[in-house]
Amino acid sequence: MKARDDKTGSQESNGKNEGVSRREFLKIAAITSALTFISISRDDLMKLLVPVKLEDLLMQNYGGEESSDPLEERAKEKEAELKEWCNNEAQRICRETGEESAACTEARKRCNMIKVKSTPANKGVLFAMALDVNKCIGCRRCAYACVMENNQARNLGIEWIKVLEMPRDREEIEKLDILKANMYYKEAPKPDKVYVPVACMHCENPPCVMVCPVRATWKEPDGIVIIDYDRCIGCRYCITACPYGARHFNWAKPYVPPTEINPNMHILGNVIRQPHVVEKCTWCIQRTRDGGIPACVEVCPVGARSFGDLNDEESPIRRIFEEYGAFVLKPEAGTRPKFFYFFGPRRTPPRKSSLIREGGG
Amino acid sequence: MEEVQERERGGLLSTIGFIIREALFTGSLRYYMAAIGLILIALYGLYLWIMVQHAPIFIGSDIGGMITTAMNDSVPWGLYVSFFVFWVGVAAAGILFGIAAYVFGDKEYIKVAIFGEIQAVAAIIIVLLLIMVDIGRPIRALILMPQLPNLRSMLDWDFIVLTTYLTLNLIAAIVTIHYYRQDKPLPRKFLVPFIIIAAPFAIGIHTVTAFIFQALTARPIWNSPLMAPRFVATAFASGPALLLLALYIAERYVEEFKVSFSVYKKTLYVIVGALIVGLYFTFSEIQEIYWYTTEAAKKAQAEELFFGLHIPYLATLLWLWIGFGIAAVILGILPQVHNTKKGILTVSIFTVIAVVAEKTLTIVIPGYIPGTLGEIRPYYPTPLEIGITIGMHAIGLLVYLLLAKPALKAVVIHYFSGKGHH
């Protein structure tokens, strides 16, 4: 209150010679500013009243005209459709293998569990993932878990995660280049190799979103770049525009056996896909929006992957930034990825292949 | 009473009647054979598209799908997009005869300008059909593109300029037939707005097509602002060359129809000039890629293009472009060649070969090999893709044939009926 009196007093004396309207205006302005000052200084009040950002409210509908309600409606329709399809498939399996078979009961169980969600983004969350290049052993279990979790077509061989194998020896340094990387290796880990898994980077500035002619893909408020499979026209311009090869096309009718279906689905994530649409990593939207972590993070046997909220100071991502520093792939593409690589405390395979040779005899 | 009849005969509806009558109900046996042949090829192409390549979409079958093409996640665009680029160029060049005729008032070009417009119509129909067979879900695209346009997407802009240019040329062709068949000259109030709108659109369609490719950082070899100028330059070589060949065929088969030698010769100037500019641009690109560049991805893709390490046909096509391009320029400069109709037609054939080699697979495929993560998956189009591409070309040719016949008739009525107008 004292501050307010001082302010109005000084300003009144300043504006004495000017018009009444100006004086009035200044008075109101001073009072308002003082009031704001008082309210924002109340730390204890802040605990009760959580501030709301205008951007969060406005970004709710970012990328699409539809609000969450039609999406929920569509999720329900999709659920019914998938259940019907799944039950028919299960019926066929049961006819072929008998009612008592394990395949039959498994298929029936999974079909009944199918749930298609439309969980919207949580406010104020900005997801990010980090991967410890020192830890990764190139076992590709993440790629496998991803296929299972995200109901990827088993007949088309689509894998969202590609693992690049590159030499780490100093003598072969010129081969340490994405262009010379090998993604079709058969054995891992090898002591003289380094492994760099690549999937969708969920860029802040995604070229794939810019080029889509029907706005079928967009960046959600929590940073996940998603595709609306009911809107994709299959022109494959986004595949052309992506610098990370993250997008994949269903070149034929995708098929997932009901015995392997993941019943936990999200309408914008891992619902069974349609033929001739593009798909990509969604950071397991069906898990992470409900507080889980992506399947690849969960399955990684060496704990190379971390996932969290960039806005949360307690998140593992923030610790990685503070302790090790983060790196991005292809910075020259200017897409500002939110998938980071870092060099953790210790190399699981020894730094020099010569050490292995000595140890082995 | 007579006046009413006169007006009815001069109505636009009766012009459309005239076009249909001329296109479908008159003609020699040879004409019908050609048309029926094209229809059969087109139907087979459509059959392959609906029943095999897009079977999961159109008939809901479990087998088939775009997996029957050689395209994959590494090379998502192939033969269809390659020929799409080429025909956009041919369409753009249709306006060249219009400019010569209506802007510079060349008396001889006025007689044949309509064939440039018809060529543009046919070429854009091929373009749209190739996009239609390339898109995974064409019906959804037709419904959604107007509803949810993304103005940052060059595909939308391309769709807009292509359809506008198609409409403009179709209107121009019909109006030209409308006046000529009544033996009237084209009115200025039509010509001036047409050429003012259509000429920038002609450049625009090819520019926007190049913009689809050139602004992508993910594909370094395309990422050059020279792409659009080079597209336009070689388009102005291939389009007129094809037009000259078409005019020659028309001259041979329609007795009354004659094309002045000056049309051949002046068009040759444009072809040679455009080829020189196109070759010069290629030369400039070679310098950019091989002299100082340290950009590994761009170099790797360029090596694929120039030496064909994994796909030999790319290098063959590129050197065909350079070889035939230079040969066409040299031939075109020689007086023995450019003073004879046969020589000019030879140069035209050389030019068409050179530009087909330059602006089809050599543009699209190097951007994908090696891919963004260094993967090399050589692309060889499957027979299915080739069949569908030929089928779509047959539809375009059929449109050309069906429009060119009434146009020829109208031009003959106006200019060659021996009334002594010209």
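Residues numbered from 1 in each chain as written. Chains lettered and ligands numbered in written order. Predicted model: local features only at pLDDT ≥ 70, side-chain atom pairs only at ≥ 80, totals over all residues. Heavy atoms only, no water.

Caption draft 1: Quick peek at the overall build of chain A. Across its full length, chain A carries 13 helices and eleven strands. Taken across its 361 residues, chain A has 49% of its residues classed as buried. In chain A, the share of contacts with a sequence separation of at least 24, taken over all contacts with a separation of at least 6, comes to 69%. (Helix = DSSP H or I, 4+ residues; strand = E, 2+ residues; numbered from the N terminus. Buried < 20%, exposed > 50% of the residue type's maximum accessible area, 1.4 Å probe, protein only. Contact = heavy atoms within 4.5 Å.)

Caption draft 2: Highlighting the packing of aromatic side chains. Under the definition given, this model contains 29 aromatic pairs over all chains. Between the aromatic rings of Phe-327 of chain A and Phe-343 of chain A, the centroid separation amounts to 5.2 Å while the plane-to-plane angle is 70°, which identifies the pairing as edge-to-face. Pair noted here: Phe-327 of chain A is in the loop between helix H12 (316–323) and strand S11 (339–342) and Phe-343 of chain A is in the loop between S11 and helix H13 (353–360), with a separation of 16 residues, a long-range link. Classification of Phe-343 of chain A as partly exposed rests on a relative accessible area of 40%. Note on Phe-115 of chain B and Phe-257 of chain B: the rings are 5.6 Å apart at their centroids and 65° apart in plane angle, and the pair reads as edge-to-face. Taken together, the positions of Phe-115 of chain B in helix H7 (residues 107–134) and Phe-257 of chain B in the loop between helix H11 (227–253) and helix H12 (261–292) put the pair 142 residues apart, joining distant regions of the chain. (Phe/Tyr/Trp six-rings, centres within 6.5 Å; stacked < 30°, edge-to-face > 60°.)

Caption draft 3: Spatial organisation of the pairing of strand S3 (residues 162–167) of chain A. All names here are of chain A. Within S3, six of the six residues are buried, leaving the element largely enclosed by the surrounding structure. Neither face of S3 is open: one carries Lys-162, Leu-164 and Met-166, the other Val-163, Glu-165 and Pro-167, and all of them are buried. In the sheet, S3 pairs with strand S4 (residues 193–198) via six bridges, with the strands oriented antiparallel. Looking at the pairing, Glu-165 lines up with Tyr-195 of S4. (Pairing = 2+ DSSP bridges.)

Caption draft 4: Structural detail: the state of the cysteines. Residues and elements named next belong to chain A. In this structure the tally under the stated criterion is two disulfides over all chains. At a sulfur-sulfur separation of 1.9 Å, the disulfide partner of Cys-86 is Cys-111. Looking along the S-S bond of the Cys-86-Cys-111 disulfide, the torsion reads about -75°, which is the left-handed sense. In this pair, Cys-86 is assigned in helix H5 (residues 68–97) and Cys-111 in helix H6 (residues 102–113), connecting sequence segments 25 residues apart. (Disulfide = S-S within 2.5 Å.)

Caption draft 5: Main features of the side chain of Asn-262 of chain A. Residue and element names in this part refer to chain A. Looking at the element boundaries, Asn-262 is found in the loop between strand S7 (248–249) and strand S8 (264–266). One polar contact links the side chain of Asn-262 to the main-chain carbonyl oxygen of Glu-149, over a distance of 2.6 Å. A polar atom in the side chain of Asn-262 sits 3.1 Å from the backbone nitrogen of Asn-264. (Polar contact = N/O pair within 3.5 Å; in protein donor to acceptor, adjacent residues only side chain to side chain.)

Caption draft 6: Seen up close, the nonpolar core. Within the largest apolar cluster, 231 residues are counted, with the highest numbers of intra-cluster contacts made by Phe-115, Phe-213, Phe-257 and Ile-365 of chain B. Look past the residues within four positions of Ile-365 of chain B in its chain and what remains in contact with it is Val-75, Trp-77, Gly-78, Ile-311, Tyr-313, Leu-314 and Tyr-379 of chain B. Formed by seven residues, the second largest nonpolar core is a distinct cluster that contains Ala-130, Leu-310, Ile-320 and Phe-340 of chain A. (Core = buried A, V, L, I, M, F, W, Y, C linked by side-chain atoms within 4.5 Å.)

Caption draft 7: Fine view of the packing of helix H2 (residues 12–25) of chain B against helix H9 (residues 154–181) of chain B. Residues and elements named next belong to chain B. Where H2 contacts H9, the axes come no closer than 10 Å and their chain directions differ by 95°. Considering the angle they form, H2 stands roughly perpendicular to H9. In this structure, H2 contributes Leu-12, Ser-14, Thr-15, Phe-18 and Ile-19 to the contact, and H9 contributes Ile-174, Ile-177, His-178 and Arg-181. In the contact of H2 with H9, the residues fall into five nonpolar, three polar and one charged. (Axes fitted to C-alpha atoms, helices over the stretch in contact; angles between N-to-C directions. Parallel < 35°, antiparallel > 145°, perpendicular 65-115°, else oblique. Nonpolar A, V, L, I, M, F, W, Y, C, P; charged D, E, K, R; others polar.)

Caption draft 8: Summary view of the packing of helix H5 (residues 79–93) of chain B against helix H10 (residues 188–214) of chain B. Residue and element names in this part refer to chain B. Packing of H5 against H10 brings their axes to within 8 Å, and their N-to-C directions diverge by 155°. The pairing of H5 with H10 is recorded here as roughly antiparallel in orientation. Crossing handedness for the pair H5 and H10: left-handed. Of H10, the residues touching H5 (which contributes Val-81, Phe-84, Val-85, Val-88, Gly-89, Ala-91 and Ala-92) are Ala-202, Ile-205, His-206, Thr-209, Ile-212 and Phe-213. Classifying every residue of the contact of H5 with H10 by side-chain character gives ten nonpolar, three polar and no charged. (Left-handed = near helix turned anticlockwise from the far one by under 90°.)

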